[in-house]
Amino acid sequence: MVTEDRSPVATPAKPGVSADLRVRVDQGACTGDGLCVQLAPSVFEFDVDGLAYVKDETGDLQTSEGAYVGVPLPVVNAVLDAADECPGTCIYVTRPDGTIEAGGPAD
């Protein structure tokens, strides 16, 4: 699910829900295509295994399974695009309540 308005303030999908977004990569589904790294290099990076991972605000690669990081406001649109366009459907952008905002396998 994706909000219609992808403004820089990350309009919540539901009224009253925080606009804070988190993102993670499911390495088990990652194809190593690299679209995410191209679109949002401050959030995504390849590790030595050729798969994409998320980076925290200090740039440290988060390699633990299921690791989430916050989506920085300046790259919200790029992260949402990466999740929507990922050929491996392995990027999950979620709201604090767990609602998927973008990415993941199609239902």
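See the structure printed just above.
Residues numbered from 1 in each chain as written. Predicted model: local features only at pLDDT ≥ 70, side-chain atom pairs only at ≥ 80, totals over all residues. Heavy atoms only, no water.

Points about the nonpolar core
Just so we agree on the cut-off: Note on terminology: a nonpolar core comprises buried Ala, Val, Leu, Ile, Met, Phe, Trp, Tyr and Cys residues joined through side-chain atoms within 4.5 Å. Working definition: with a 1.4 Å probe on protein chains only, accessible area under 20% of the residue-type maximum means buried, over 50% means exposed, and in between means partly exposed. Comment: elements are numbered from the N terminus, with helices defined as DSSP H or I runs of at least four residues and strands as E runs of at least two. The contact definition used throughout considers only heavy atoms, calling two residues in contact when any of these lie within 4.5 Å.
The biggest cluster of nonpolar side chains holds 27 residues, and the ones touching the most others in it are Val23, Val43, Phe44, Val79, Ile91 and Val93. Counting residues per element, the ones that place at least two in this core are β1 (22-25), α1 (35-39), β3 (52-55), α2 (76-85) and β6 (91-94). If one sorts the elements of this core by residue count, α2 sits on top with 6 residues. Other than its neighbours up to four places away in sequence, Val43 contacts Val23, Tyr53, Val54, Lys55, Val69, Pro72, Val75 and Val79.

What about the sheet that holds strand β7 (residues 100-103)?
Pairing between the strands of a sheet is mediated by backbone hydrogen bonds and can be parallel or antiparallel. Note the following rule: In short, DSSP must find at least two bridges between two strands for them to pair. Axis definition: a line fitted to C-alpha atoms, limited for helices to the stretch in contact. Angles are taken between N-to-C directions and run from 0 to 180 degrees.
One open sheet holds the 4 strands; their spatial order is β5-β1-β6-β7, and the pairing between them is antiparallel. Two strands close off the open sheet at either side, each with one partner strand: β5 (69-70) and β7. As judged from the 3 bridges shared by β6 and β7, these two strands associate in the antiparallel manner. Looking across to β7, one finds that Thr94 is bridged to Ile100. On top of the sheet, α2 reaches β1, β6 and β7; it is set at about 65° to β7, its chief contact.

Re the side chain of Gln27
Basically, it comes down to this: Polar contacts here mean pairs of N or O atoms no more than 3.5 Å apart (in protein, one a potential hydrogen donor and the other a potential acceptor; neighbouring residues in sequence count only if both atoms are side-chain atoms).
Within the fold, Gln27 resides in the loop between β1 and α1. A polar side-chain atom of Gln27 sits 3.2 Å from the main-chain carbonyl oxygen of Val25. Residue contacts for Gln27: discarding those within four places in its chain leaves Leu51, Ala52 and Tyr53.

Digging into unusual backbone geometry
One non-glycine residue with positive phi stands out, namely Thr89, at about 45°. By relative accessible area, Thr89 is classed as partly exposed at 31%.

A short note on the packing of aromatic side chains
Which entries qualify depends on this criterion: Pairing of aromatic rings covers Phe, Tyr and Trp, the last counted by its six-membered ring, and requires centre-to-centre distances within 6.5 Å; plane angles under 30 degrees mean stacked, over 60 mean edge-to-face, and any other angle means tilted. Either the NZ atom of lysine or the CZ atom of arginine qualifies as a charge over a ring when it sits within 6 Å of the ring centre and within 35 degrees of the ring normal.
By the definition in use, this model includes 0 aromatic pairs. Directly above the aromatic system of Tyr68 lies the positively charged group of Arg22, at a separation of 3.9 Å from the ring centroid. Directly above the aromatic system of Tyr92 lies the positively charged group of Arg24, at a separation of 4.2 Å from the ring centroid.

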